[in-house]
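A look at the structure
The primary structure of each chain is shown beneath.
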Amino acid sequence: MSHNNFDKDVLVIGGGTAGFGAAVAAGRQGLRVMLLEATQKVGGVMAFCPGMPWGGGYPVDQIIGGLMEELTDRLAAMTPPAAEKRPCTLENFGPEILYDHDIATLTMFEMLEEAGVEVRLGATALTPHLEGDKIVRVECYDRNGPFSVTPGMVIDCSGDGDISAKAGVPYALGDASGNMMAVTISFHMVGVDWDTAFADPDPYFQTHAARGIAEGRLHPDLAQLYLMRGFHAGTVFCNSVHIRNVDGTNPVDVGRATQEGRRRCLQLAQFLQSDVPGFESAHMSLLSPTVGVRETRKLEGVYRLTSADLAAATKFPDGIVACDNPIDDVMRSDGDMTHHAAISNGDYYTIPFRSLIPARIENLMFAGRILSADPVAFASVRGMPQCMVMGQATGTAAALALRDGQPVQRIVTDKLVAALTVQGVNRLQTAGA
């Protein structure tokens, strides 16, 4: 026997940073919102790679505002503070926000509660049913079996775009050759002597890494070690283990990559303890429960953001969030990592709302890393702060579309931009003017 049918104004699929932004924004507009999250935790990459810094939230050193700023401020105002802004040690990245992982996810759950969102954990959306160009029902399931939701609006924040793809939205997988960015398993080292560990002027610890690889104690892809001071003193966030050639839409692939990643993490943790000064009495903690997937489907929207748009620092009239992240391209087919600056220093571009809506389906939007972008632009836009504001834009747009009885393609974007400005989203148009 299935559950009773629900009637929701907005169904948000996926509780990552984009889904969080969409659900909170829609709930605050007075809409009846259901958020489906397949795991037991909100945050997406925050849950899969606990402690991953929020990077890209300060284009031209100004916070992007909106829910990202609100969440950060809420954490920073705690005693003791649970978040702070710090410079990033990696080249071409601006400042980032470090935070207490557990307090941050707890606070996100609280913000969802305050917005009146019905959060269903351990629940997966399976199949959309369309009548004409409208999604009229979404079949879902949880451990008790199937249930269906009859939504006014569907916002796909799943990271993989399963429901959008099943609803007929065209998409591309990976880059032009179909190669997807490597997936990551992260962990923390706890009990590190920061002063000793970071006395090495090389932020990537390449001399140590080369020795570990030459001796067969580290995987060859670990030529650069991404080791960053964690939020709490004596902790180091290790964002180093990347597994290539994994199809993030294939659960068997993902399971295999997760176990391979765990093995490499343990090898790296043991190598740090034995070989890198400052780590002698540290131990591994907060190992990712599953791989963090950077890239799978890129959906086809009304507008496809391109590398040329980034290079020209384009500020779209329907731009909903500013970004100046580098082209952070992580090991697609080979071991290369790039962090090339996307635009000239001190400039930024905006992400257009039209990249979050499909050409055809009237009550579907998507936010987060499934937005419509070419592979190069995608490597820049995918930061968690940008994803959160993309979500906020779609949640706000849902209210506009439902109130006016309009398809999402007919939303007056000036109204949307004005609403986001009222919500404190900083599109930076006036910066330096």
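These remarks concern the structure in this document. Every residue gets a number counted from 1 within its own chain, in the order that chain's sequence is written. The predicted nature of this model means local features are confined to residues of pLDDT at least 70 and side-chain atom pairs, given and counted, to a pLDDT of 80 or more, with totals for whole chains, interfaces and linings taken over all residues. The basis for the side-chain values is all heavy atoms of the structure; hydrogens and waters are excluded.

Observations concerning the overall build of the protein chain
The criterion, for reference: Under the scheme used here, helices are H or I runs from DSSP no shorter than 4 residues and strands are E runs no shorter than 2 residues, and both carry numbers assigned from the N terminus. The globule rule is 2.2 Å times the number of residues to the power 0.38, and the radius of gyration it is compared with is taken over C-alpha atoms. Partly exposed residues are those whose accessible area sits between 20% and 50% of the maximum for their type, while under 20% is buried and over 50% is exposed, using a 1.4 Å probe and protein chains only. Residue contacts are defined here by distance: any two heavy atoms, one from each residue, within 4.5 Å place the two residues in contact. Each accessible area is a Shrake-Rupley estimate made with a 1.4 Å probe; only the visible protein chains count as cover when residues are assessed. Counting rule for charge: Lys and Arg are taken as positive, Asp and Glu as negative, and neither His nor the chain ends is counted. The atoms used to mark charge sites are NZ of Lys, CZ of Arg, CG of Asp and CD of Glu.
Of the regular secondary structure elements, the protein chain holds 12 helices and 20 strands. The C-alpha atoms of the protein chain give 21 Å as radius of gyration, which agrees with the globular expectation for 433 residues (22 Å, within 12%). Overall size of the protein chain, expressed as C-alpha extent along the three principal axes, is 65 × 60 × 50 Å. Per-residue burial for the protein chain yields a buried fraction of 56% across its 433 residues. If you take every contact in the protein chain between residues at least 6 apart in sequence, the share linking residues at least 24 apart comes to 75%. Total accessible area on the protein chain stands at roughly 16,700 Å², and carbon and sulfur atoms take up 51% of it. Treating the 34 positive side-chain charges of the protein chain as one cloud and the 49 negative ones as another, the clouds have centres 5 Å apart.

Topic: the sheet that holds strand β14 (residues 283-285)
Under the convention used in this document: Criterion used throughout: strands pair if DSSP finds at least two bridges between them. A fitted line through C-alpha atoms serves as each axis, taken over the contacting stretch for helices, and the angle formed by two N-to-C directions is quoted from 0 to 180°.
The strand order β12-β13-β11-β14 describes an open sheet built from 4 strands, whose pairing is antiparallel. Sheet topology places β12 (227-229) and β14 at the edges, where each strand pairs with a single neighbour. Pairs of neighbouring strands in the sheet enclose a mean axial angle of 35°, with direction left out of account. As paired elements, strand β11 (residues 183-190) and β14 share 3 bridges and run antiparallel to each other. Opposite V190, over in β14, you have H283 as the bridge partner.

Quick notes on the packing of aromatic side chains
Let me state the cut-off plainly: Only Phe, Tyr and Trp rings are paired, with Trp represented by its six-membered ring, and only when their centres lie within 6.5 Å; those with planes under 30 degrees apart are stacked, over 60 edge-to-face, the remainder tilted. To sit over a ring, a charge needs its Lys NZ or Arg CZ within 6 Å of the ring centre and within 35 degrees of the ring normal.
For the coordinates displayed, the defined rule picks out 4 aromatic pairs. Ring centres of F198 and F205 lie 6.1 Å apart, and the angle between their planes is 75°; this geometry places the pair in the edge-to-face category. Judged on exposure class, the residue F198 and its partner F205 are both buried. On the basis of an interplanar angle of 65° and a centroid distance of 5.3 Å, the ring pair of Y303 and F316 is categorised as edge-to-face. You can see Y303 sitting in the loop between β15 (297-299) and α9 (307-311) and its partner F316 sitting in the loop between α9 and β16 (319-323), a full 13 residues away along the chain. The class for Y303 is partly exposed, based on a relative accessible area of 22%. Using a relative accessible area of 7% as the deciding quantity, one classes F316 as buried. Lying over the aromatic face of W194, R229 brings its terminal NZ or CZ to 5.9 Å of the ring centre.

Thoughts on the sheet that holds strand β5 (residues 96-99)
Reading across the sheet, the 3 strands line up as β3-β5-β4 and stay open at both edges, with antiparallel pairing between neighbours. In this open sheet, the two strands that pair with only one neighbour each are β3 (54-55) and β4 (83-86). As defined by bridge partners, β4 adjoins β5 across 4 bridges and the pair is classed as antiparallel. Its bridge partner being in β5, E84 is matched across the sheet by L98.

Here we look at the packing of helix α1 (residues 17-28) against helix α11 (residues 384-404)
Inclusion rule: Throughout, a crossing is termed right-handed when the near helix is turned clockwise from the far one, and left-handed when it is turned anticlockwise from it by less than a right angle. Under this grouping Gly is polar, as are all residues other than the nonpolar Ala, Val, Leu, Ile, Met, Phe, Trp, Tyr, Cys and Pro and the charged Asp, Glu, Lys and Arg.
At their nearest, the axes of α1 and α11 sit 6 Å apart, and the two run at 30° to each other. The chirality of how α1 crosses α11 is right-handed. The residues of α11 that touch α1, namely those facing T17, A18, F20, G21, A22, A25 and A26, are M384, C387, M388, G391, Q392, T394, G395 and T396. In the contact of α1 with α11, the residues fall into 8 nonpolar, 7 polar and no charged.

Comments concerning the pairing of strand β13 (residues 235-243)
Here β13 lies mainly inside the structure; 9 of its 9 residues are buried. Alignment of β12 against β13, held across 3 bridges, turns out to be antiparallel. Its bridge partner being in β13, R229 is matched across the sheet by V236.

Let's talk about the pattern of salt bridges
The cut-off we apply is this: Whenever a carboxyl oxygen of Asp or Glu lies within 4 Å of a side-chain nitrogen of Lys or Arg, that contact is scored as a salt bridge.
Applying the stated criterion to the full structure yields 21 salt bridges. A salt bridge links E118 to K8; the shortest N-O distance between them is 2.9 Å. Here the residue E118 occupies a position in strand β6 (residues 118-121), and K8 occupies one in strand β1 (residues 6-13), the gap between them amounting to 110 residues. The partly exposed category is assigned to E118, whose relative accessible area is 26%. Residue classification places K8 among the buried residues on the basis of a relative accessible area of 13%. Note that R297 and D162 form a salt bridge whose closest N and O atoms lie 2.7 Å from each other. Here the residue R297 occupies a position in strand β15, and D162 occupies one in helix α5 (residues 162-166), the gap between them amounting to 135 residues. Classification of R297 by relative accessible area gives buried; the value is 12%. Relative accessible area serves as the criterion here: at 34%, D162 is assigned to the partly exposed category. A single salt-bridge network, built from bridges that share partners, covers R211, E215, R217 and D275.

Observations concerning helix α12 (residues 413-422)
Along an α-helix, residues three or four positions apart point the same way, because every turn accommodates 3.6 residues. For the record, the criterion: Here the arc refers to the directions that run from the helix axis out to each C-beta atom.
The set of residues buried in α12 consists of L416, V417 and L420. On an axial view of α12, the arc spanned by its buried residues comes to 95°, and they lie on one face. Turned more than 90 degrees away from the buried face of α12, the exposed residues are D414 and V422. Packed against the buried residues of α12 are β16 and α11.

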